[in-house]
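The chain contents come next:
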Amino acid sequence: MYDLSAAFGAALRMVAGFDPALMGIVALSVKVSLAAVAIATVLGLPLGAAVALGRFPGRRGMIVVLNALMGLPPVVVGLLVYLLLSRSGPLGPLGLLFTPPAMIIAQAILITPIVAALARQVVEDAWTEYQEQLRSLGAPPRRAVWTLLWDTRFSLVTVVLAGFGRAAAEVGAVIMVGGNIDGVTRVMTTAIALETSKGDLPLALGLGLILITLVLAANAAAYTIKEVAQRRLG
Amino acid sequence: MKFTRRSLLVAASLAVTLALSPAQAQDKFIVVSSTTSTQDSGLFGHILPIFKAKTGIDVRVVAQGTGQALDTGRRGDADVVFVHDKVAEEKFVADGFSPERREVMYNDFVLIGPKSDPAKVAGSKDIAGSLKKIAEAKAPFASRGDKSGTHAAELRLWRVAAIDLEKDKGTWYRELGQGMGPTLNTAAGMNAYVLADRATWLSFKNRADLTIVVEGDQRLFNQYGIMLVNPAKHAHVKKDLGQTFIDWITSPEGQKAIADYKIGGESLFFPNFRKAGT
């Protein structure tokens, strides 16, 4: 009980004091996760829609693989990106290991399948519903992809949020490729891991509370925007 | 408002550019792969700002176990390696991964254990005898098990105590494969004995029922060394900036900064750089 109240105290003090180190960590968390989500959205939505509408050999296999990739173990992705970006690896000359872009790459790999697989399901359901109409209008499949993505955009917001949630909460991959460097690659989750390893459990939990609040705020904002837009655009 | 595909793309590329920009902003930095003890104890937080104020060089510390930190250097992913396993460090130099190893500072290991002290070792100054008693009592012992400097030291001490772990380890000997902090957290949870470096112990907060039971044995000495990653092996290594850091930390000023770092009036590390041959 003591630890829990101490955690709330620590969280409140940090937030109220606008601790600059904390603000930097929060800003980096948001930046990295948003960039990863942006990449995952640009790649994942069209991919998901294409798989939903396409009729090609191996499609069923691809759906199973996409769904399975939602459960990619972060630590394995971290290791893979680490070996790719290491100076001794194929992409070593880029010098990206232990930088924020390395973290963005790892997270994008983790969440693109999530966005793609969920988008596939959403678009496929919409397709079953509107198939007749779209066919009768004579829309070519390429156009149908964009039409359906546009029509399901409000559901897809939730899909993108699922990706964002995973990115913001992830620690295994980013600690490996980012290195948890103070002021450079330290994000909320790696800071929590660090404070835990120092045995400062109340501070770690305090940071955790702030992280949860942030994710909650992001979701509330997205929900509000969605509601407003839905009412305006119907 | 119409947000189309193009505006989505623009937003996406903007987000990526934003995220990438700070990485390129500052160029004058080095990456130092070091141990969890130097970072978790707060030493770097104390000495790096002093170094930065003097030279303008940003030191980016990646804190890992000594085994992993050396590997990071071997792969060329760090400019400088700052660890504590003399045997492994000398091999690192002998294998050509660094031109030179310098001894920077030392502290000591301590044996931590529950206050109830089931193996009856508290107050002893004989680490080998104490480990023997723990093995005989089959009292829970938490081992790092992660090829870190502390793990290497622990394994050496078991050998000194003439305990053959391969043969004698039972369920009482628990290999965690974790860093120092998580290992202490686990030991606190299961009231186990554990070997820790004094710096991490002093700055560790979740002690629960644990306390120091054995200290002061000469065999608990813990030396830290620093090495530049060999530019001949990895051409991109920031040789000059890295050497500046090594020269500073072994200079009177750097050595004083280390000695000045205290928690509760107690020094965590003791500088002991000596020029070769003196």
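These notes cover the structure that comes with them. What you see is a predicted model; the values in this text were computed from it and never measured. (Residues numbered from 1 in each chain as written. Chains lettered and ligands numbered in written order. Predicted model: local features only at pLDDT ≥ 70, side-chain atom pairs only at ≥ 80, totals over all residues. Heavy atoms only, no water.)

1. As for the overall build of chain B
Regarding its fold elements, chain B presents 12 helices and 12 strands. Here chain B holds 278 residues, and the buried ones make up 51% of them. Here the contacts in chain B between residues at least 6 apart in sequence split such that 75% fall between residues at least 24 apart. With an accessible surface of roughly 12,400 Å², chain B has 55% of that area assigned to carbon and sulfur atoms. (Helix = DSSP H or I, 4+ residues; strand = E, 2+ residues; numbered from the N terminus. Buried < 20%, exposed > 50% of the residue type's maximum accessible area, 1.4 Å probe, protein only. Contact = heavy atoms within 4.5 Å. Areas by Shrake-Rupley, 256 points an atom, 1.4 Å probe, with all protein chains shown as cover.)

2. Topic: the overall build of chain A
Within chain A one finds 10 helices and zero strands. Along chain A, from the amino end to the carboxyl end, the secondary structure elements read α-α-α-α-α-α-α-α-α-α. Taken over the C-alpha atoms alone, chain A extends approximately 65 × 50 × 30 Å along its principal axes. A fraction of 71% describes how many contacts in chain A between residues 6 or more apart in sequence connect residues 24 or more apart. Total accessible area on chain A stands at roughly 11,300 Å², and carbon and sulfur atoms take up 70% of it. With 17 positive and 12 negative side-chain charges, chain A shows a spacing of 9 Å between the two charge centroids. (Lys, Arg positive; Asp, Glu negative; His and termini not counted. Charge placed at Lys NZ, Arg CZ, Asp CG, Glu CD.)

3. Looking at empty space enclosed by the protein
Inspection of the entire model under this criterion finds two cavities of 30 Å³ or more. The wall of the largest cavity is formed by S29(A), V32(A), S33(A), M103(A), Q107(A), A167(A), A168(A), E170(A), V174(A), V187(A), M188(A) and T189(A). Residue assignment for the lining of the largest cavity shows that the elements contributing at least two residues are helix 2 (20-53), helix 5 (100-136), helix 7 (153-169) and helix 9 (188-197) of chain A. A total of three residues in the lining of the largest cavity trace back to one element, the largest contributor, which is helix 2 of chain A. Residue classes in the lining of the largest cavity are distributed as seven nonpolar, four polar and one charged. Here the second largest cavity defines a volume of roughly 40 Å³. Mapped by element, the contributors of at least two residues to the lining of the second largest cavity are helix 2 (36-40) and helix 7 (149-160) of chain B. Its residues assigned to classes, the lining of the second largest cavity comprises one nonpolar, nine polar and two charged. In terms of domain composition, the lining of the second largest cavity takes at least three residues from each of domain 1 (27-106 + 223-271) and domain 2 (107-220) of chain B. (1 Å grid on protein atoms, 1.4 Å probe; cavity = no way out; pocket = protein on both sides within 12 Å on 5 of 7 lines; lining within 4 Å. Points joined across faces, edges and corners; volume = space filled by probe spheres on them. Nonpolar A, V, L, I, M, F, W, Y, C, P; charged D, E, K, R; others polar. Domains from an automatic or database assignment.)

4. Observations regarding the packing of aromatic side chains
Residue and element names in this part refer to chain B. Counted by the stated rule, this structure contains 14 aromatic pairs over all chains. With 5.8 Å between their ring centres and 75 degrees between their planes, W172 and Y173 make a pair best called edge-to-face. An identical accessibility class is assigned to W172 and Y173; each is buried. For the cation-ring pair, R60 lies above F29, with the distance from its terminal atom to the ring centre recorded as 3.6 Å. (Phe/Tyr/Trp six-rings, centres within 6.5 Å; stacked < 30°, edge-to-face > 60°. Lys NZ or Arg CZ within 6 Å of the ring centre and 35° of its normal.)

5. Quick word on the environment of Q64(B)
Within the fold, Q64(B) resides in strand 2 (residues 58-64). In contact with Q64(B), not counting residues within four places along its chain, are F98(A), S33(B), S34(B), T35(B), T36(B), A69(B) and T72(B).

6. Some thoughts on the interface of chain A and chain B
With 30 residues of chain A in contact, the opposing surface of chain B contributes 32 residues. Carbon and sulfur atoms supply 65% of the area buried between chain A and chain B, which totals about 2,700 Å² over both sides. Per-residue buried area on chain A facing chain B is highest for R87(A), F98(A) and K198(A); these three make up 20% of the total on that side. The interface formed by chain A and chain B holds one salt bridge in total. (Buried area = accessible area lost by both parts, 1.4 Å probe. Salt bridge = Lys/Arg side-chain N within 4 Å of Asp/Glu carboxyl O.)

7. What to know about the layout of surface pockets
Taken as a whole, the second largest pocket holds about 690 Å³ of empty space. Lining the second largest pocket are 28 residues, and of these I175(A), T36(B), A63(B), Q64(B) and Q68(B) lie nearest its centre. Only helix 4 (74-85), helix 8 (172-178) and helix 9 of chain A together with helix 2, strand 2 and helix 9 (180-190) of chain B provide two or more residues apiece to the lining of the second largest pocket. Class assignment for the residues of the lining of the second largest pocket results in 12 nonpolar, 13 polar and three charged.

8. Remarks on the nonpolar core
Core analysis: the biggest nonpolar cluster contains 49 residues, and L53(A), F98(A), I111(A), V123(A), L148(A), L149(A) and V177(A) have the highest contact counts within it. For this core, the elements supplying multiple residues, two or more each, are helix 2, helix 4, helix 5, helix 6 (141-151), helix 7 and helix 8 of chain A together with strand 1 (29-35) of chain B. Ranked by residue count, the leading element in this core is helix 5 of chain A, at 13 residues. In this structure V177(A) touches G78(A), V81(A), Y82(A), L97(A), F98(A), T99(A), A102(A), M103(A) and A106(A), once residues within four positions along its chain are discounted. (Core = buried A, V, L, I, M, F, W, Y, C linked by side-chain atoms within 4.5 Å.)

9. So, the side chain of H234(B)
All names here are of chain B. When you line up the elements, H234 lands in the loop between strand 9 (221-228) and helix 11 (239-249). With relative accessibility at 11%, the residue H234 sits in the buried group. In terms of polar contacts, H234 uses its side chain to reach the backbone amide nitrogen of G76, at 3.4 Å. (Polar contact = N/O pair within 3.5 Å; in protein donor to acceptor, adjacent residues only side chain to side chain.)

10. Here we look at the pattern of salt bridges
Residue and element names in this part refer to chain B. Following the criterion strictly, the structure yields 24 salt bridges over all chains and no others. Across the pair D95 and K91 runs a salt bridge whose closest N-O atoms are separated by 2.8 Å. The class for D95 is partly exposed, based on a relative accessible area of 35%. Salt bridges linked by common partners bring K86, E89, R101 and E103 together as one network.

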